[in-house]
Amino acid sequence: MAAFVEPHFDAWTQGASNMSVVDKVPPEMLHMVHPHWNQFPPMNPLWHSILGFAIFVLGMVSMIGNGCVIYIFTNTKSLRTPSNLLVVNLAFSDFFMMFTMGPPMVINCWHETWTFGPFACELYAMLGSLFGCASIWTMTMIAFDRYNVIVKGLSAKPMTNNGALLRIFAIWAFALFWTLAPLFGWNRYVPEGNMTACGTDYLTTTWLSRSYIIIYAIFVYWLPLLTIIYSYTFILKAVSAHEKNMREQAKKMNVASLRSQEAQNTSTEMKLAKVALVTISLWFMAWTPYLVINYTGIFKAAPISPLATIWGSLFAKANAVYNPIVYGISHPKYRAALYQKFPSLSCQDSPTDDGQSVASATTGVSEEKSSA
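Residues numbered from 1 in each chain as written. Predicted model: local features only at pLDDT ≥ 70, side-chain atom pairs only at ≥ 80, totals over all residues. Heavy atoms only, no water.

Undergrad: So what exactly am I meant to see when it comes to the overall build of the protein here?
TA: Broken down by element type, the protein carries 10 helices and 2 strands. When its helices and strands are written in sequence order, the protein yields α-α-α-α-α-β-β-α-α-α-α-α. Counting across all 372 residues of the protein, residues that qualify as buried make up 51%. Across the protein, every contact between residues at least 6 apart in sequence was considered, and the portion connecting residues at least 24 apart equals 75%. Of the roughly 18,300 Å² of accessible surface on the protein, 67% is carried by carbon and sulfur atoms. (Helix = DSSP H or I, 4+ residues; strand = E, 2+ residues; numbered from the N terminus. Buried < 20%, exposed > 50% of the residue type's maximum accessible area, 1.4 Å probe, protein only. Contact = heavy atoms within 4.5 Å. Areas by Shrake-Rupley, 256 points an atom, 1.4 Å probe, with all protein chains shown as cover.)

Undergrad: What exactly am I supposed to notice about a nonpolar patch on the surface here?
TA: Judged by side-chain polarity, Phe53, Phe56, Val57, Met60, Val61, Ile64 and Ile325 come together as a nonpolar surface patch covering roughly 630 Å² of accessible area. By residue number, the principal contributor to the nonpolar patch is helix H2 (residues 45–75), which donates 6 residues. Among the secondary structure elements, Met60 is positioned in helix H2. You can call Met60 partly exposed: its relative accessible area is 38%. (Patch = residues over 30% accessible without salt bridge, like charges linked within 9 Å, V, L, I, M, F, W, Y side chains within 5 Å. Salt bridge = Lys/Arg side-chain N within 4 Å of Asp/Glu carboxyl O.)

Undergrad: In this structure, what is going on with the nonpolar core? I would like to understand it.
TA: Soluble, globular proteins show a tendency: their nonpolar side chains are buried together. Counting residues in each nonpolar core, the largest one holds 88 residues, and the members touching the most others are Trp37 and Phe284. Elements that contribute at least two residues to this core include exactly H2, helix H3 (82–111), helix H4 (118–150), helix H5 (161–180), helix H6 (207–252), helix H7 (261–298), helix H8 (306–330) and helix H9 (332–341). Among the elements that take part in this core, H4 stands out by supplying 16 residues, more than any other. The residues touching Trp37, leaving out its near neighbours within four places in the chain, are Val21, Val22, Pro191, Gly193, Met195, Tyr202, Leu203, Ile304, Ser305, Pro306 and Thr309. (Core = buried A, V, L, I, M, F, W, Y, C linked by side-chain atoms within 4.5 Å.)

Undergrad: Help me out: how do you make sense of the pattern of salt bridges in this one?
TA: Once the charged atoms of two side chains with opposite charge are near each other, the side chains can pair. Inspection of every chain in the model, using the stated rule, returns 3 salt bridges. The salt bridge partner of Lys24 is Glu112, with a shortest N-O separation of 2.8 Å. Taken together, the residues Lys24 in the loop between helix H1 (11–16) and H2 and Glu112 in the loop between H3 and H4 connect sequence positions 88 residues apart. Where Arg146 meets Asp145, a salt bridge forms, and the shortest distance between an N and an O atom there is 2.4 Å.

Undergrad: So what exactly am I meant to see when it comes to the state of the cysteines here?
TA: Summed over the entire model, instances satisfying the criterion amount to 1 disulfide. Sulfur-sulfur distance for the disulfide between Cys121 and Cys198 comes to 2.0 Å. Because the sign of the S-S torsion sets the handedness, a value of about -115° for the bond joining Cys121 and Cys198 places this disulfide among the left-handed ones. Of this pair, Cys121 sits in helix H4 while Cys198 sits in strand E2 (residues 198–200), placing them 77 residues apart in sequence. Side by side, Cys121 and Cys198 carry an identical accessibility label, which is buried. (Disulfide = S-S within 2.5 Å.)

Undergrad: Explanation requested: the packing of aromatic side chains in the structure shown.
TA: Within a pair of aromatic rings, the relevant descriptors are the distance that separates the centres and the angle that separates the planes. According to the stated counting rule, one finds 27 aromatic pairs in the structure shown. Ring geometry for Phe96 and Phe99: centres 5.8 Å apart, planes at 80°, overall edge-to-face. Placement of both Phe96 and Phe99 in helix H3 is noted, with a separation of 3 residues, approximately one turn of the helix. Aromatic side chains Trp178 and Tyr216 sit 6.0 Å apart centroid to centroid with 70° between the ring planes, which places their arrangement in the edge-to-face category. (Phe/Tyr/Trp six-rings, centres within 6.5 Å; stacked < 30°, edge-to-face > 60°.)

Undergrad: What am I meant to see in the side chain of Thr296 here?
TA: By secondary structure assignment, the location of Thr296 is in helix H7. Take Thr296: its relative accessible area is 17%, and that puts it in the buried class. Once residues within four sequence positions are removed from consideration, Thr296 is found in contact with Ala301, Ala302 and Ile304.

Undergrad: Could you clarify how one ought to interpret the packing of H2 against H9 in this entry?
TA: Angle between the axes and distance between the axes: these two values describe a pair of packed helices. Direction vectors running N to C along H2 and H9 enclose 100°, while the axes themselves pass 10 Å from each other. As summarised for this structure, H2 and H9 are arranged roughly perpendicular, according to the angle between their axes. In this structure, H2 uses Gly65, Cys68, Val69, Tyr71, Ile72, Phe73 and Asn75 to contact H9, whose residues at the interface are Tyr334, Ala337, Leu338 and Lys341. For the contact of H2 with H9, the residue count by class is 8 nonpolar, 2 polar and 1 charged. (Axes fitted to C-alpha atoms, helices over the stretch in contact; angles between N-to-C directions. Parallel < 35°, antiparallel > 145°, perpendicular 65-115°, else oblique. Nonpolar A, V, L, I, M, F, W, Y, C, P; charged D, E, K, R; others polar.)

Undergrad: So what exactly am I meant to see when it comes to the packing of H3 against H4 here?
TA: Direction vectors running N to C along H3 and H4 enclose 160°, while the axes themselves pass 9 Å from each other. Considered as vectors, H3 and H4 are oriented roughly antiparallel to each other. Both H3 and H4 take part in a crossing whose hand is left-handed. Considering only residue class, the contact of H3 with H4 consists of 15 nonpolar, 8 polar and 3 charged. (Left-handed = near helix turned anticlockwise from the far one by under 90°.)

Undergrad: Could you clarify how one ought to interpret H3 in this entry?
TA: Three or four residues apart is the spacing at which side chains of an α-helix point the same way, because the helix has 3.6 residues per turn. Taking 1.5 Å per residue as the helical rise, H3 with its 30 residues ought to reach 44 Å, and the 45 Å between its terminal C-alpha atoms agrees with that figure. Along its length, H3 shows its largest kink, about 25°, at Gly102, and proline Pro103 lies within four residues downstream of that point. Extensive coverage of H3 is indicated by the burial of 21 of its 30 residues. Just downstream of H3, Glu112 is the residue with a positive phi angle, here 65°. (Expected span 1.5 Å × (residues − 1). Bend = angle between axes of the 7 residues up to and from the residue.)

Undergrad: Teacher, can you tell me more about unusual backbone geometry here?
TA: One non-glycine residue with positive phi stands out, namely Glu112, at about 65°. A residue is classified by how much of its surface remains accessible, and Glu112, at 22% relative accessible area, is partly exposed. Even without a glycine there, the phi angle at Met195 is positive, about 65°. Tracing the backbone shows Met195 in the loop between strand E1 (189–191) and E2.

Structure representation (structure tokens):
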């Protein structure tokens, strides 16, 4: 006689089968939620816990790291250069990205839904878009500054403090235009599928709504990407040509190496240009998943689940953590200042001053070339 096996029922799964991810949303928020999300059951609370913990950790690391960058670059005389104003602007944007995005998302993950009301949802999404746009265009300006100094050389016009401030003002004005548009009817800000964060509406099928996503992506993703690729393509060509000339000249002079002080400075700058390229690449890896989610939504390419929107939000916010880590590891002059001011946070045993920051190195090379 076969033994009777009592079926096992998962209480959470059974209860969730009669509910949707929208059920916990406050009534005043329901008009902002797209009907697409009604078909999905509530996410397992474990996902909310994992997301909340991850955002908390990322937020702490980002605010500490970027806070150190802002403090050190503004309080170290040798780092207060026009080009480094762009570095400070990037750290400022990254800092406030997590300062404004992190705490609300942690609280919402605890409640498993958005709890702050419609206006806070719109403000949250607008600030996320604002700081994200400001970060990528600041990175683009840094890349173009490297191109201007390395590729153009003596013919390049050195950046001044006023020039750097003008660029920073233009970055924020440009970002503000794109992030205010949804508040005036061109697209809108709505809760994400996991209902713990808010972003642009990529599910509404009207062309007015779709056009915003398409045009915004052109000016805040594709155009910066092409500009950065252009800049670094010519930077690498200049590096290759310079190194080839050095080897040929050394061969003619029958010496093993031909390295003047200028060549050493230039070599240092090339290494730091590669560091900047890595930083920018990390930014694009962070934002590409969110772009894919937006494009998938407006073109109905595939169904989007609430769980998928978690990864888009997480990867997008993680970019605010990368930059201070790259600066701390790769920039001896910044690392030396970090050791002097915050020894417990430094990644070296003793202070050194044998390098340049990613933004100050080109300025030094430019000034040396100009005085030659």
